[in-house]
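Below, each chain spelled out in residue letters.
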Amino acid sequence: MRQPPVTVLYGSQTGTAQEIAQNIGGRARELGLVAKVAALDEFGLDALTPATVPVLVLVSSSTGDGDPPDNAARFYGQIKKRGQQPDRLKGMTFTVLGLGDSNYTQFCRVPRALRSQVLALGAGEFHPGKDADEVDGLEDVVEAWLDQMLPALKRACLPTVAAEAASEGLKEPVPPEHAASTKPVPLPECRIEVEWLTDRSATQAVLDKEAAGATAEEVGHRDPEGLYSPEQPFHAPLIAARWLTTSAAGDRRVLHCELGVEGSGARTHPGDSLGVKPANPPALVSALAARLGLEASAVFDVRPRPGVATQHLLPHLHTPCSIGHALTESVDIAAPPRKSLLRLLAEHCAGEEARQTLLRWTSRAGRDEYAKEVLEGRPSLLDLLTRFDSRPPLAPLLDALPALVPRLYSIANAAVAQPGKVAMALSIVRFTKACGTEHEGVATTWLERTAAPLLQGSWKGTEGPTPAVPRIPIYFRSGFLQDRRHRLAAAAPGFEAGPSWLFFGCRHPDQDYLYKQELEEFEADGTLSRLSVAFSRQQARKVYVQHLVERHAHELAALLAHPAASIFVCGDGASMATGVNEALARVLTGPGAFASGADWKAGAAALAAMAREGRYVRDIWS
Ligand SMILES: Cc1cc2nc3c(=O)[nH]c(=O)nc-3n(C[C@H](O)[C@H](O)[C@H](O)COP(=O)(O)O)c2cc1C
């Protein structure tokens, strides 16, 4: 009897789930199984049948506010549609690994929904799923789950007749790989072949189309509902830009950009965000193409390798396209390379020592080295190719590189106050890495370059470059305030608004007090009942917003006792949101919790209840 194949499908916004899925595929192959790996949208719901996919492993993250990653959005929308045949997936056996972050209100919403839909359609589980939380650190949890899941996967793949005979030998799970294992991650399977276009006129037509940029039809695209996507964005002109920080703020530079959205049909709300599709820095693109020995103007197409039957393979590549275009617009070349990519580089190193180093970094024993050299050191793909003298071929490289995905920015104004435009504030990311080269944040430096004529005062008219602006709802702080001001002005006579208190944090009043003028106006005209600003670097001791929350614990507790009281937190998820969460939990535990250091579990439960009721909303990033 033929062995059933394993299908590993992933939904991944920033590449973590993709990396884990590739790793599962590789390890399944090492166990002698036939495994294929694809993004959920590459594979497509139509192809998901018990006959084609008898054994399924799903790995997915969530993005936005519990939304599906871009490469899973179509599949997710389809599988959640009502009216599907209830036993469509009967006979399929599956498991789900969810990746999430419990700082988000909708923890693991997408993997959980995928699991319940696949179950509802009649499939059964061969192994219990797992929700892995960034807060606990993904690696240990995922590795422990894999150690248990892989033997179960092998058992699930035994043909039924053979299963009975062999089950004796497999009763004991395959022993977990030892933490100190020096075994490198498996080499990712390359699913594509590259075909170079040699016909001159066909090549020229592709280059001309790329040089012309978005067509009039694309620029003119309007959705009647105001709904846009990375594939069909609304092309918004950049109409204004200014710095929100002074030169005294040193390396902290925050840029305010305004985009025209007149006629888009979009109705943005406080808390919504913008997705902006950036382009990689031109200098990095040319240097990378040169290092790989490729002409930026060479045009290629891709086709699946024999045996790879995936519906929409690498849809982000938009082939046929030029090398320059693919490296600029389609793949993420600036992110720290994942282990599967390092494994590929190791295969194509000139020297054995370099190869061994890279292989070690991908193994469990080399985990600390990987963390130090790659996660902390942040070398780009180019840095590593240069350092290790590696030259991988184009096809596996394109298959291994994550897609260049839109970056999300909270909307910094309110549609009700400023109809027809959306604003965003972004910190420019640029620093020198341990290896000595510069790291440029892809989207922020691209927006800075795009806004340069406005910043230098050399702007003519309002026609400008056209960043893509899909509508992705999450929360934003300043939008909330402007919205409140207008709601108050428009309120019926006698309407009494409750109090509003903003805790705002920055470094120094003269350097990075973002939107100072607007916030002070809000306080003066009563939009805000109270404004408390923490300047972390104005005095010797660091003061952050969570310290102000603690300082005002009694007054805050009284306000939050109101059954309609709401808390909105926006900003850095790594330290601010965690610190504020703890401070608020203490506030809600009751007076004296700060002074006595009492256990604040009761406060944490009260916060969780507020989150469930939509009264504790966090828009955070790290
Ligand atoms: C902008 C953004 C929004 C996120 N939203 C959620 C969410 O709503 N729920 C959740 O559990 N995790 C959320 N996360 C956490 C990711 O799911 C988690 O970091 C995951 O490991 C990312 O995997 P990926 O790289 O495959 O996308 C979010 C992360 C980011 C950056």
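Residues numbered from 1 in each chain as written. Predicted model: local features only at pLDDT ≥ 70, side-chain atom pairs only at ≥ 80, totals over all residues. Heavy atoms only, no water.

An unreviewed UniProt entry annotates the protein chain as Methionine synthase reductase originating from Auxenochlorella protothecoides.

Caption draft 1: Focus on the pairing of strand 10 (residues 272-276). By the criterion of burial, strand 10 is predominantly enclosed, with five of the five residues buried. The alternating pattern of strand 10 places D272, L274 and V276 on one face and S273 and G275 on the opposite face, and all of these are buried. (Buried < 20%, exposed > 50% of the residue type's maximum accessible area, 1.4 Å probe, protein only. Helix = DSSP H or I, 4+ residues; strand = E, 2+ residues; numbered from the N terminus.)

Caption draft 2: Expanded view of the packing of aromatic side chains. Under the defined criterion, the tally for this structure stands at five aromatic pairs. On the basis of an interplanar angle of 70 degrees and a centroid distance of 5.9 Å, the ring pair of W196 and F300 is categorised as edge-to-face. One end of the pair, W196, is in strand 7 (residues 192-196); the other, F300, is in strand 11 (residues 299-304), and 104 residues separate them in sequence. W196 sits in the partly exposed class, given a relative accessible area of 39%. In this structure F300 comes out as buried when scored by relative accessible area, which is 0%. Aromatic ring contacts, followed pair by pair, group F504, Y513 and F535 into a single cluster. Sitting over the face of the ring of Y370, K339 holds its NZ or CZ atom 5.0 Å from the ring centroid. (Phe/Tyr/Trp six-rings, centres within 6.5 Å; stacked < 30°, edge-to-face > 60°. Lys NZ or Arg CZ within 6 Å of the ring centre and 35° of its normal.)

Caption draft 3: Local environment of the sheet that holds strand 8 (residues 238-243). Taken together, three strands build an open sheet; the order of strands is 8-9-14 and the sheet is antiparallel. Two strands bound the open sheet, and with one partner strand each, they are strand 8 and strand 14 (421-427). In this sheet, adjacent strand axes meet at a mean angle of 20 degrees when their direction is disregarded. Contacting strand 8, strand 9 (254-260) and strand 14, helix 16 (residues 442-455) crosses the sheet at an angle of about 95 degrees to strand 8. (Pairing = 2+ DSSP bridges. Axes fitted to C-alpha atoms, helices over the stretch in contact; angles between N-to-C directions. Contact = heavy atoms within 4.5 Å.)

Caption draft 4: Quick peek at the side chain of T245. Inspection of the secondary structure assignment puts T245 in the loop between strand 8 and strand 9. Side-chain polar atoms of T245 contact the backbone nitrogen of V254, separated by 3.0 Å. (Polar contact = N/O pair within 3.5 Å; in protein donor to acceptor, adjacent residues only side chain to side chain.)

Caption draft 5: Broad picture of the packing of helix 9 (residues 282-291) against helix 14 (residues 381-388). Relative to each other, helix 9 and helix 14 sit at 35 degrees, their axes nearing to 10 Å. Between helix 9 and helix 14 lies a crossing of left-handed hand. In contact with L284, A287, L288 and R291 of helix 9, helix 14 contributes L381, L382, L385 and T386. Among the residues making up the contact of helix 9 with helix 14, the classes are represented as six nonpolar, one polar and one charged. (Left-handed = near helix turned anticlockwise from the far one by under 90°. Nonpolar A, V, L, I, M, F, W, Y, C, P; charged D, E, K, R; others polar.)

Caption draft 6: Region of the structure containing the site of the ligand. Not every one of the 21 residues close to the ligand is listed here, only the nearest: S12, T14, G66, C108 and E134. Q13 places a polar main-chain atom, nitrogen or oxygen, 2.7 Å from an oxygen atom of the ligand. Side-chain polar atom of E134 to an oxygen atom of the ligand: 2.6 Å apart, as the coordinates give it. When residues of the shell around the ligand are traced back to their parent elements, those giving at least two are helix 1 (16-30) and strand 4 (93-100). Considering only residue class, the shell around the ligand consists of six nonpolar, twelve polar and three charged. (Near = heavy atom within 4 Å.)

Caption draft 7: Region of interest: the confidence of the model for the protein chain. Considering every residue of the protein chain, the mean pLDDT works out to 86; 89% of them sit at 70 or more. Counting interchain partners and residues more than four positions distant, the pLDDT-below-50 stretch residues 461-480 has 90 contacts. (pLDDT = per-residue confidence, 0-100.)

Caption draft 8: Local environment of unusual backbone geometry. Looking along the chain, the bond that leaves T319 and enters P320 is cis, with omega of 0 degrees. Phi at R378 takes a positive value of approximately 50 degrees, unusual for a residue other than glycine. Among the secondary structure elements, R378 is positioned in the loop between helix 13 (367-376) and helix 14. Residue classification places R378 among the partly exposed positions, given a relative accessible area of 26%. Residue D389 is not a glycine yet carries a positive backbone phi of 50 degrees. Take D389: its relative accessible area is 39%, and that puts it in the partly exposed class.

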